[in-house]
Each structure stands twice: as C-alpha cells, then as structure tokens.
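Residue-level listing of the chains:
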Amino acid sequence: MKIAFFDSGMGGLSVLHHAMKVLPHEQFVFYADEDHVPYGTKSTAEVQKFVGEAFDFLLKQDVKAIVVACNTATSVAVAEMRRRYDMPIIGMEPAAKKALDLDGTHRVLVTATPITVKGRKMELLIEKVDKDHLVDRLALPELVTFAERQEFNSPAVTDYLREQLAPFDLKEYSSLVLGCTHFNYFKDTLRTLLPENVAFVDGNEGTVNELIRRLKERNLLENNPQQVEYFYSGRKVTDLMELERLQKCLGRLEKMYRI
Ligand code: DGL
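Quick notes on the rules
- Per chain, residues are indexed from 1 in the order of the written sequence.
- pLDDT decides what is reported in this predicted model: residues at 70 or higher carry local features, side-chain atom pairs at 80 or more are listed and counted, and totals for whole chains, interfaces and linings draw on all residues regardless.
- In computing side-chain properties, one takes all heavy atoms of the structure into account and sets aside hydrogens as well as water.
- Summary of the distance rule: residues count as near a molecule or strand when at least one heavy atom falls within 4 Å of that molecule or strand.
- Whenever a nitrogen or oxygen atom comes within 3.5 Å of another N or O atom, the pair is scored as a polar contact, on the condition that within protein one atom can donate a hydrogen and the other can accept it, and that pairs from neighbouring residues in sequence are kept only if both atoms are in side chains.
- Residue exposure ignores everything except the shown protein chains as possible cover, and the areas themselves are Shrake-Rupley values with a 1.4 Å probe.
- Centres within 6.5 Å are what make two rings of Phe, Tyr or Trp a pair, Trp counting through its six-membered ring; a difference in plane orientation under 30 degrees is then read as stacked, over 60 as edge-to-face, and the rest as tilted.
- Each helix is a run of H or I in the DSSP string that is no shorter than four residues. Each strand is a run of E no shorter than two, and both are numbered from the N terminus.
- Each residue is placed in one exposure class: buried if its accessible area under a 1.4 Å probe, protein chains only, is under 20% of its type's maximum, exposed if it is over 50%, and partly exposed if it falls in between.
- UniProt positions are given in the numbering used here, feature names are shortened, and annotations may be inferred rather than shown by experiment.
- For two strands to be treated as a pair, DSSP must find at least two bridges joining them.
- To obtain an axis, a line is fitted to C-alpha atoms, over the contacting stretch when the element is a helix, and the angle between two such axes runs from 0 to 180 degrees between their N-to-C directions.

Peer 1: Help me understand the site of the ligand, please; the structure alone is not making it clear to me.
Peer 2: Around the ligand sit 14 residues in total, of which Ser 8, Tyr 39, Gly 40, Thr 72 and His 182 are the nearest. At a separation of 2.9 Å, an oxygen atom of the ligand approaches a polar backbone atom of Asn 71. Between Thr 181 and the ligand, the recorded distance is 2.8 Å, taken from a backbone N or O atom to an oxygen atom. For the ligand, whose free accessible area comes to 300 Å², the fraction covered by protein is 99%.

Peer 1: Please explain the packing of aromatic side chains as it appears in this structure.
Peer 2: The relation between two aromatic rings is expressed through the spacing of the ring centres and the mutual angle of the planes. For the coordinates displayed, the defined rule picks out 13 aromatic pairs. The interplanar angle of 65 degrees and the centroid separation of 5.7 Å between the aromatic rings of Phe 5 and Phe 28 together place this pair among those described as edge-to-face. Taken together, the residues span a long stretch of sequence, with Phe 5 in strand β1 (residues 2–7) and Phe 28 in strand β2 (residues 27–32) at a distance of 23 residues. For the pair Phe 5 and Phe 28, a shared accessibility class is recorded, and that class is buried. Between Phe 168 and Tyr 173, the ring centres sit 6.2 Å apart and the planes meet at 85 degrees, which makes this aromatic pair edge-to-face. Like Phe 168, the residue Tyr 173 is buried in the burial classification.

Peer 1: Explain the UniProt feature "binding site: substrate" (unreviewed entry) in the chain to me, please; I cannot follow it from the model alone.
Peer 2: Mapped onto the present numbering, the UniProt feature "binding site: substrate" (unreviewed entry) falls on Asp 7, Ser 8, Tyr 39, Gly 40, Asn 71, Thr 72, Thr 181 and His 182. These annotated residues cover 176 residues of sequence, and their C-alpha atoms all fall within 12.1 Å of one another, placing them together at a single site. At a separation of 2.8 Å, a polar atom in the side chain of Asp 7 contacts the main-chain amide nitrogen of Gly 12. When its relative accessible area of 1% is taken as the criterion, Tyr 39 is described as buried. Looking at Tyr 39, its side chain comes within polar contact range of the side chain of Asp 33, at 2.5 Å.

Peer 1: What am I meant to see in the sheet that holds strand β8 (residues 199–202) here?
Peer 2: The pairing of strands in a sheet happens through backbone hydrogen bonds and is either parallel or antiparallel. On the basis of which strands lie adjacent, the open sheet formed by four strands has the order β6-β5-β7-β8 and parallel pairing. Single-partner strands in this sheet number two, and they are β6 (135–139) and β8. Strand-to-strand twist in this sheet, taken as the mean axis angle between neighbours without regard to direction, amounts to 25 degrees. One ladder, built from five bridges, connects strand β5 (residues 107–112) with β6; its direction is parallel. Paired with Val 110 across the bridge in β6 is Arg 137.

This is the structure in structure tokens:
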C-alpha cells in the first residue's frame, strides 16, 4: 500500500523530499491540487471542499496513510477528515513549539499563509506554547504564487521579502518558522536577508517522524523499491514537461535542505 502526500501545490514536495530520504522502501502518491492553488487566500469553506475532494480521490488509490503536507489545509480541514476516515492522517502546523524549545528567550517569527496565520488552530497553538509572548506572525501569500511559477530567487522575490520583513527588528529573533510548505523553496533568498542569529525551523522532519510512528504502530511499514506517482487534482502526471518541473522542484529542495 502507498503513502499519500497532499498539498495545494508544489509545497508538499518539501515534506515528500524528506520522506524519500528516510523511507527508502515505501511507495508514495503525491497529490498537488494545481486546479485550486493557492489555498491560503481563499475562504475556509472553499479549502474544506477541495480537501474533501482530494481525500475522496486518494482513498481510491490503495493508500495506508495520508500526510496533509499543507499547514493551511490542516488548519481548516484535518479534524473533519479524521472524523470521517479511520486511517493515519498526519497534519502539519507551524513549528512554533519547536522554535521556542530551541531558544525560549528571543523572539520567533512564524511565517505562513493568511488562513493559517489568522486561524483558530494558530490561536490555540500560541495560547498553549507562547507563555512569554515571544511569537510574532507574518503572512507571506505571494511566496506561494512565486513558488508555483518556479520563481525562487528573482529580484521580485527579494524585494517582496525585504519589504515584508522590514517592520521586524530581526536582531531580536532566534528563528523564522517556515509555516507553509511552499516557503522552503526560498531559504537561500531569506538567508541573504536574515541576520545570522535567525535560524530556520520547519515541521517537515517532525511530520515524517510522526508518519513513521503511526505506520509502525499499525505494523504498516513495507519493504518495496521506492516509487512516486504524481497527480495534479486527480489527474496522473504523465506529461514530460510537468514531470521535469517536479524534478526541478525536488532538485531545488535538495539544495535548500542544507541551508
Ligand atoms: N503549502 C501550503 C501550506 O503549507 C499552502 C499554500 C497555499 O496554497 O496557499 O500552508
């Protein structure tokens, strides 16, 4: 059986990329909802509908677990999916706790999409982990658009990020949380704008660890040759140009992995 990774678009590849390293004997299905990306600037009801459609499709693909490799979809739809389906469903939330655990005295800047930043789930997370009021939040929706058109380090990206980060006194921060899976593509550009004291924190490793834990619990780990099938909103990707686009994204993520 396969493990599904689902995102609105190319962001979820950053989680799949890590999973491919640590689970070399599993078969993966990657589902990018390319017909509806971006999610982060749409209404909650719309995103819930798209996630429901993606799950309906994925459940017909012989999957044993679904990783919602999208903080935005997790924020508004994962609870309902867990109520509906009895299988391991692993969601993601901005790694604010991990960032505060690394350094509990300096500020933490959580970046994510508008839905995630404003959502109830984020409020609850902050209430629970940010006892000293060290966390600030910043929505960076344009990064999703840039990533989807594979524009990762153009002057427009740099200008956008410089402008968005300008209100923050970055010397006061210990980390920047990549609270949207699309943001991992921009670590090199971000690195040039952030002082050395600011580290990147993301939830990819924690999410894949949780996936492994859940699979082990049900004795579902397998020993197959690794394989990945790609789908855009329920259509299998066979077009060579699109497969090349996906490989280029994975290549970029490999470079970002070391930053
Ligand atoms: N990659 C997604 C996330 O982690 C959502 C991006 C979007 O579609 O707005 O939040």
